[in-house]
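So the chains spell out like this:
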Amino acid sequence: MREQYDKIQRFIDACDELLNGKYMDADRRIADILKAIAASRALTDLFSAVTDKFDYPAAKRAYLKFPAGRGAAHGAAYLPSDRGELIAFVFCLLVEFDGGKLSFNEFLLRYFYEDGSYTASFALFVQRMIRPFRDIVSECFPELHRTLSQRGYYKVEELLGELAERFTVERANVAARVSGEDGAAGELMLGELTAAAGRGDVTELKALLCGYRYFLRALGLESEESRHIFELAAKL
């Protein structure tokens with residue numbers, strides 16, 4: 001039982017390393033997740049069950065949306081509402097990334113485009129796809145999930161995920177209100193904040209927010225959205 005627990009924990013740790021890691025290490029981290037699955041009988045049984053009769057080509061057509069027409073450059077990625085289909089879909093994507101059948105770089109810029117930056121696009125990808133994938137798999141093993149919940153693991157991760165989403169909204173708000181050097185400064189700070197949230201670097205995130213608070217006050221840009229950001233950060 002302990003060995004099984006350790007192997008599932010290795011999978012969770014591999015997901016965390018991708019969630020909190022850097023874009024440049026993504027290929028290796030994805031491979032580590034798949035190796036952790038292959039090393040665990042419990043996990044291979046789970047993924048065999050959810051992928052049995054799962055229509056992956058149809059799922060890609062349904063959940064990877066790309067606008068038709070000339071000039072269309074960016075699409076959007078969605079997740080199935082069914083939990084079993086969600087983990088099957090993300091698992092199949094990871095297998096294609098690892099095998100080179102689907103270019104991870106092209107996927108990021110096509111479906112998670114964020115100002116042409118691989119780093120920012122990667123941060124969105126891990127928050128929106130890897131986080132729910134990891135959480136649902138862990139919930140399939142109640143003893144492990146209970147242990148992680150008891151140590152406050154998900155509370156911190158959920159706060160970081162919500163902050164990452166709010167930073168994206170805040171970037172649009174700031175861009176609409178200021179331009180030039182001030183606009184570039186705001187864009188830079190919010191880009192770094194998004195990346196810090198994606199890496200799970202709470203210390204850096206809080207340090208950046210100190211500077212961002214002064215930036216907002218100096219330009220009179222404080223808003224309801226920024227107030228929510230600081231309230232969430234205070235809970236970390």
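Along each chain, residue indices are assigned from 1 in the same order as the chain's sequence is written. Owing to the predicted nature of the model, reporting of local features is limited to residues with pLDDT of at least 70; listing and counting of side-chain atom pairs is limited to 80 or more, with chain, interface and lining totals taken over all residues. Water and hydrogen atoms were dropped before computing side-chain values, which therefore reflect all heavy atoms in the structure.

Novice: Sorry, what's going on with the overall build of the protein chain here?
Specialist: Helix numbering and strand numbering both begin at the N terminus, where a helix is a DSSP run of H or I of at least 4 residues and a strand a DSSP run of E of at least 2. When its secondary structure is counted, the protein chain shows twelve helices and two strands. The secondary structure elements of the protein chain, listed N-terminal to C-terminal, are α-α-α-α-β-β-α-α-α-α-α-α-α-α. Over its C-alpha atoms, taken along the principal directions, the protein chain stretches across nearly 55 × 50 × 30 Å. Put simply, of all contacts in the protein chain between residues at least 6 apart along the chain, 66% involve residues at least 24 apart. Shrake-Rupley sampling with a 1.4 Å probe provides the accessible areas, and residues are treated as covered by the protein chains on show and by no other component. As displayed, the protein chain has an accessible area near 12,000 Å², and 51% of this comes from carbon and sulfur atoms. Positive charges are assigned to Lys and Arg, negative charges to Asp and Glu, while His and the chain termini are left out of the count. For this purpose, a charge sits on NZ of Lys, CZ of Arg, CG of Asp or CD of Glu. Side-chain charges in the protein chain split into 31 positive and 36 negative, and the spacing between the mean points of these groups amounts to 2 Å. Two residues form a contact once any of their heavy atoms are found within 4.5 Å.

Novice: I keep staring at the nonpolar core and nothing clicks. Help me out?
Specialist: Nonpolar side chains in soluble globular proteins tend to be buried together. Ranked by internal contacts, the top residues of the largest apolar core, which has 48 residues, are Phe 11, Phe 47, Phe 125 and Phe 133. Elements that contribute at least two residues to this core include exactly helix H1 (2–20), helix H2 (26–38), helix H3 (41–51), helix H4 (56–63), helix H5 (83–99), helix H6 (104–111) and helix H7 (118–139). With ten residues, the single largest contributor to this core is H5. Residue contacts for Phe 47: discarding those within four places in its chain leaves Ile 37, Ile 87, Phe 91, Phe 133 and Val 137. To form a nonpolar core, buried Ala, Val, Leu, Ile, Met, Phe, Trp, Tyr and Cys residues must be joined to one another through side-chain atoms within 4.5 Å. Residue exposure (1.4 Å probe, protein chains only): buried if accessible area is under 20% of the type maximum, exposed if over 50%, otherwise partly exposed.

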